[in-house]
Amino acid sequence: MPVHSKFEKFEDNWQTSMGGWFPGETVVLRGKDVFKDLNNSSWMEYLLFASTGKESPKIARLMEGMWVICTSFPDPRIWNNRVSALAGTARSTGALAAAASVAVTEATIYGLKPIKGATDFLYRADKRLAKGETLEQIIRAELKQYRSVYGYGRPLVTADERVEPMMEFARSIGCGEGKYIKLAFDVAEYLAASRFKYQINIAAVCAGLLADEGLSPMDFYHMATLAFTAGSMPCFIDASNQQEGCFFPLRTSRLNFTGDETVKHWRV
Amino acid sequence: MPKEFVETIETKNWRETPEPDNPFAAANCYCCGYDVYDDLLKNASYIDYLYLLFKQQQPTSEQSALLQGLAIALANPGPRDHSVRAAMSAGVGGSTHASAMIAAIAVGAGNLGGSREVFHALEYWQQCQNSLEAWEQLIKQPPELGREDIWLPMEHAPGFDPNGVSCPTPVKQTLAHLADIGKGTHLQWLNANRAALEAYAECPLAFSGVAAAALYDLEFLPEQAEMLFLLLRLPGAAVHSLEQEKLGWRKYPFFANGFKLNP
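Predicted model only: the values in this text are computed from it and were never measured. (Residues numbered from 1 in each chain as written. Chains lettered and ligands numbered in written order. Predicted model: local features only at pLDDT ≥ 70, side-chain atom pairs only at ≥ 80, totals over all residues.)

Chemist: Please explain the domain arrangement of chain A as it appears in this structure.
Modeler: Put simply, an interface is often sized by how much accessible area is lost when its parts join up. In terms of domains, chain A is made up of domain 1 (74-105 + 229-240) and domain 2 (112-224). Taking only C-alpha atoms, the centre of domain 1 of chain A and the centre of domain 2 of chain A are 29 Å apart. (Domains from an automatic or database assignment.)

Chemist: Can you help me understand the interface of chain A and chain B in this one?
Modeler: Taken together, the contacts link 46 residues of chain A with 43 residues of chain B. Sorting the residues of the side of chain A that touches chain B by element identifies strand 1 (14-16), helix 4 (94-104), helix 5 (112-130), helix 6 (135-146), helix 10 (217-224) and strand 5 (255-257) of chain A as the ones contributing at least two each. With six residues, the single largest contributor to the side of chain A that touches chain B is helix 5 of chain A. With three bridges joining them, strand 1 of chain A and strand 5 (residues 259-261) of chain B adopt parallel strand pairing. From the neighbouring strand, Gln15(A) faces strand 5 of chain B, where its bridge partner is Lys260(B). (Contact = placed C-beta atoms within 7 Å. Helix = DSSP H or I, 4+ residues; strand = E, 2+ residues; numbered from the N terminus. Pairing = 2+ DSSP bridges.)

Chemist: When you look at the packing of helix 4 of chain A against helix 11 (residues 229-241) of chain A in this model, what are you seeing that I'm missing?
Modeler: When two helices pack together, their arrangement is given by the angle between their axes and by how far apart the axes lie. All names here are of chain A. Between helix 4 and helix 11, the shortest axis-to-axis distance is 10 Å and the interhelical angle comes to 135 degrees. Comparing the axis directions of helix 4 and helix 11 gives the class oblique. Seen along the crossing, helix 4 lies across helix 11 with a hand that is right-handed. Along its contact with helix 4, which presents Gly-94, Ala-97, Ala-98, Ser-101 and Val-102, the element helix 11 presents Thr-229, Ser-232, Met-233 and Phe-236. Tallied by class, residues from the contact of helix 4 with helix 11 come to five nonpolar, four polar and no charged. (Axes fitted to C-alpha atoms, helices over the stretch in contact; angles between N-to-C directions. Parallel < 35°, antiparallel > 145°, perpendicular 65-115°, else oblique. Left-handed = near helix turned anticlockwise from the far one by under 90°. Nonpolar A, V, L, I, M, F, W, Y, C, P; charged D, E, K, R; others polar.)

Chemist: What is the right way to look at the nonpolar core in this model?
Modeler: The tendency in soluble globular proteins is for nonpolar side chains to be buried as a group. Residues and elements named next belong to chain A. Counting 121 residues, the largest nonpolar core has Ala-184 and Ala-207 as its most contacted members. Per-element tally for this core: the top contributor is helix 9 (residues 202-211), with nine residues. Setting aside anything within four residues of it in sequence, one finds Ala-184 in contact with Leu-122, Gly-151, Ile-200, Ala-204, Val-205, Ala-207 and Gly-208. (Core = buried A, V, L, I, M, F, W, Y, C linked by C-beta atoms within 7 Å. Buried ≥ 20, exposed ≤ 12 C-beta atoms within 10 Å, placed from the backbone.)

Chemist: How should the sheet that holds strand 3 (residues 22-31) of chain B be read in this particular structure?
Modeler: Sheets are built from strands that pair by backbone hydrogen bonding, the pairs being arranged parallel or antiparallel. Residues and elements named next belong to chain B. Read across the open sheet, the three strands follow the order 2-3-4; overall the sheet is antiparallel. With one partner strand each, in any of the chains shown, strand 2 (14-19) and strand 4 (34-35) form the two edges of the open sheet. Where strand 2 meets strand 3, six bridges bridge the pair, whose relative direction is antiparallel. Residue Pro-18 lies in a different strand from strand 3, and its bridge partner there is Ala-26.

Chemist: I keep staring at the pairing of strand 2 (residues 19-22) of chain A and nothing clicks. Help me out?
Modeler: In regular strands, side chains alternate between the two faces of the sheet. Inspection of the sheet shows strand 2 of chain A paired to strand 3 (residues 26-29) of chain A by four bridges, in the antiparallel sense. Its bridge partner being in strand 3 of chain A, Trp21(A) is matched across the sheet by Val27(A).

Chemist: What is the right way to read helix 3 (residues 61-75) of chain B from this model?
Modeler: Working note: α-helix, 3.6 residues per turn, so residues spaced by three or four point in the same direction. Residues and elements named next belong to chain B. The end-to-end C-alpha distance of helix 3 is 21 Å, a good match for the 21 Å that 15 residues give at a rise of 1.5 Å each. Within the span of helix 3, buried status applies to Gln-63, Ser-64, Leu-66, Leu-67, Gln-68, Leu-70, Ala-73 and Leu-74. Taken together, the buried residues of helix 3 touch helix 2 (46-55), helix 8 (169-182), helix 10 (207-217) and helix 11 (222-232). (Expected span 1.5 Å × (residues − 1).)

Chemist: How do you make sense of the domain arrangement of chain B when you look at a structure like this?
Modeler: All names here are of chain B. Domain boundaries in chain B define domain 1 (14-60) and domain 2 (62-143 + 157-245). Measuring from the centre of the C-alpha atoms in domain 1 to the corresponding centre in domain 2 gives 29 Å. Taken together, the seven residues of domain 1 in the interface contact nine residues of domain 2.

Chemist: In this structure, what is going on with the sheet that holds strand 4 (residues 32-33) of chain A? I would like to understand it.
Modeler: Residue and element names in this part refer to chain A. One open sheet holds the three strands; their spatial order is 2-3-4, and the pairing between them is antiparallel. Each having just a single partner strand, strand 2 and strand 4 make up the two edges of the open sheet. Where strand 3 meets strand 4, two bridges bridge the pair, whose relative direction is antiparallel. By the bridge assignment for strand 4, Val-28 is matched with Asp-33.

Chemist: Help me understand the pairing of strand 3 of chain B in this model?
Modeler: Residues and elements named next belong to chain B. Taking the residues that link successive antiparallel strands as the turn, the strand 2-strand 3 hairpin has two residues. With two bridges joining them, strand 3 and strand 4 adopt antiparallel strand pairing. Bridge pairing in strand 4 places Cys-31 opposite Tyr-34. Between strand 3 and strand 4, which follow one another and run antiparallel, lie two residues, and Cys-32 among them has a positive phi close to 50 degrees.

Chemist: Would you mind going over unusual backbone geometry with me for this structure?
Modeler: Excluding glycine, a negative phi dihedral is what most residues carry, and trans is how most peptide bonds are arranged. Of note in this structure, Arg147(A) is not a glycine but carries a positive phi near 65 degrees. In this structure Arg147(A) comes out as exposed when scored by C-beta crowding, with 8 C-beta atoms within 10 Å. In this model, Lys183(B) sits at a positive phi of 60 degrees, which is unusual for a non-glycine residue. Along the polypeptide, Lys183(B) turns up in the loop between helix 8 and helix 9 (185-201). Residue classification places Lys183(B) among the partly exposed positions, given that 16 C-beta atoms sit within 10 Å.

Chemist: Help me understand the environment of Ile237(A) in this model?
Modeler: Residues and elements named next belong to chain A. Tracing the backbone through its elements, the reader meets Ile-237 in helix 11. For Ile-237, a count of 16 C-beta atoms within 10 Å gives the class partly exposed. Along the backbone, Ile-237 and Ala-85 are 152 residues apart, and their C-alpha atoms lie at a distance of 7.7 Å.

Chemist: Which parts of the structure should I look at to understand helix 4 (residues 82-92) of chain B?
Modeler: Residues and elements named next belong to chain B. Counting buried positions along helix 4 yields eight of 11 residues, so the element is predominantly enclosed. If you check which residues of helix 4 are buried, you get Ser-83, Val-84, Arg-85, Ala-86, Ala-87, Met-88, Ala-90 and Gly-91. Those residues of helix 4 that are buried lie in contact with helix 5 (97-107) and helix 12 (234-247). Just downstream of helix 4, Gly-94 is the residue with a positive phi angle, here 75 degrees.

Rendered as structure tokens:
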């Protein structure tokens, strides 16, 4: 019988331009020698180059500011951090805590979905504006189709305390005046005056700032994936250092059972 | 306990009564009305308890047999499967056993052969039911994402293997067996119409497609199916990872000659 799998040509054949390790010799990333060409990069510059291919100390600095100001609140009640705190109180390991917390940041009401979604929204809105649609038409269509606009509205509180410090930092390094960040605030102005009363959250601010630096939604997503770890690690450490199991213990009465209390018997 | 408003966890699935001497320990646990440690422990099979947890009711004998068959079919995808390779990669490096499970779940969660594919395949079943015309239209004109998501768009019809040549024997055996024991209309319809669907998809049916049909017959929602698929495939990942941990990295492929760095 003839063999004709699509896999044959890939067997023991992984072709890439991304980079690799030559054992005992050198390491290459996107065509650059890590030991010679990138050895003076900051870690954030290296991550930016690795993730996007961009070499820009300015974007790396902007991103670093975002990580500090916007993404790493050391509060164990925030859901992704809570996972690390639970890992600590249950005496799991730091890496397992971090892995789980990073995975959990791919959330809908915060974290990576709004980050990627807000960037995508600003790019789409800009294209539609260029075609002659009004901002009101664009926002109304977004709300009609998705019932939300990524980057606007926030759980627990309405205002986002990170917006001003982030903008202040951005301006201090020469960012914050581009068309996408302006668009982000134009959308905020419209939504604040609408019946939805959504206020801008930090995802739209960061999305606008980074779109102005030429980052795509995927670029921002890849860069932001690890952004929350400095918030979750202290939660893990804190819970690890306290009495085991004592992180917000729950008595049985804290379960609010809303089902039928009739006891059933299994049919064998 | 503080007297002010107390935050609680709302649940319809689980009820507990406290031990007389410790309000933080449960004396009785009821799952969907059944006493877990006084009744289910003695009388239910693991598969039936699994069904109860997801569906909040005792399965019929057909449902139980179907889930049991699916669980066996999925329990070990084998050491060439992406998710199992992920777990073994943890094993050979001496990583934590939990990391092997995390690796298997992360890799086995995707659009290709993973749980996200099962999720999408369930959506296809919800939309198309047993209508060949509907399947043809949806496969040939798949839904487009209006806005970007953290998931990448599907690159092939969910439930089918874009790299396959013909439907592999184990997939056909599983489909035939589950269609027979489960008495479910969708599995039987899939078994009867597999060739037509494969022609629309331009590739053969995969395990993910059989699992989706089985879980649709079991009336699982897409998100329930996604979770259960992840869970059911973990045993193989665990044992292969443990085996490779013992054997060590020297006996595990490094693809020393297969890596080509282009300028």
